[in-house]
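The lines below spell out each chain.
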Amino acid sequence: MTDSSNHSIQISPITSHDLDAVCAIQAACYPAGFLEARAVFARKLMLSPDSHWLAKIDGEPVGYFFTHPWAGNTPPELDQEIAALPPKPDCHFLHDLSLIPSARGRGVAQALIQTALSWGEIQGYGRTLLVAVQGSVPFWQRWGFVSLSAAPAYGPDAALMQRV
């Protein structure tokens with residue numbers, strides 16, 4: 001995939017070697033209250049190694065997407081290591097999509113989202129769940145997500161959203 005500047009966007013599975021880049025991208029995107037520890041990402045990577053992706057432009061990490069199987073409509077707590085994935089997941093949970101500011105508007109989010117949604121479909125999940133934060137509800141609505149409820153643990157404007 002290429003962006004409008006003819007710079008190639010590469011999407012690849014995240015490995016443990018990418019976690020420093022993930023933390024740096026996260027720090028460029030979120031205020032302190034939303035930052036998750038490296039150990040939280042490492043645990044998600046261990047529990048679901050094939051459902052997280054890193055985006056690079058010209059070999060430089062510019063974004064990531066952490067997702068994983070989940071069950072029910074109660075999202076995982078922010079900055080808490082998940083002990084285990086549900087034994088009978090019923091949805092694909094999109095946990096964290098982050099892009100450095102200079103990568104926005106260049107097709108990176110679209111590439112990451114399409115990769116994640118395809119993964120969930122291949123796994124057979126009939127629905128996808130996420131928590132929209134920082135005013136991103138309209139963005140996710142364009143992807144077919146509808147609001148289910150408020151998610152105050154994720155911030156005052158956060159909303160639990162679903163796509164079926």
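Residues numbered from 1 in each chain as written. Predicted model: local features only at pLDDT ≥ 70, side-chain atom pairs only at ≥ 80, totals over all residues. Heavy atoms only, no water.

Peer 1: Where do I start with the pairing of strand β3 (residues 60-70) in this structure?
Peer 2: Side-chain direction in a regular strand flips from residue to residue, so the side chains alternate between the two faces of the sheet. Within β3, nine of the 11 residues are buried, which leaves it mostly tucked inside the rest of the structure. Of the pairings in the sheet, the one linking strand β2 (residues 52-57) to β3 comprises six bridges and is antiparallel in character. The residue of β3 that forms the bridge with K56 is P61. From the end of β2 to the start of β3, which pair antiparallel, there are two residues, and D58 there has a positive phi angle of about 50 degrees. In the sheet, β3 pairs with strand β4 (residues 91-99) via eight bridges, with the strands oriented antiparallel. Residue pairing for β4: F65 is matched across the bridge by L97. (Buried < 20%, exposed > 50% of the residue type's maximum accessible area, 1.4 Å probe, protein only. Helix = DSSP H or I, 4+ residues; strand = E, 2+ residues; numbered from the N terminus. Pairing = 2+ DSSP bridges.)

Peer 1: What is the right way to look at the environment of P156 in this model?
Peer 2: Topologically, P156 is positioned in the loop between β6 (146-150) and β7 (159-163). Along the sequence, P156 and W53 sit 103 residues apart, while their C-alpha atoms lie 28 Å from each other.

Peer 1: Help me understand the side chain of Q162, please; the structure alone is not making it clear to me.
Peer 2: Summarising the element assignment, Q162 is placed in strand β7. Residue classification places Q162 among the buried residues on the basis of a relative accessible area of 16%. A polar contact of 2.6 Å, which involves the side chain of Q162, links it to the side chain of R127. Residues in contact with Q162, not counting those within four places in the same chain, are N73, R127, T128, L129, G144, F145, V146 and L148. (Polar contact = N/O pair within 3.5 Å; in protein donor to acceptor, adjacent residues only side chain to side chain. Contact = heavy atoms within 4.5 Å.)

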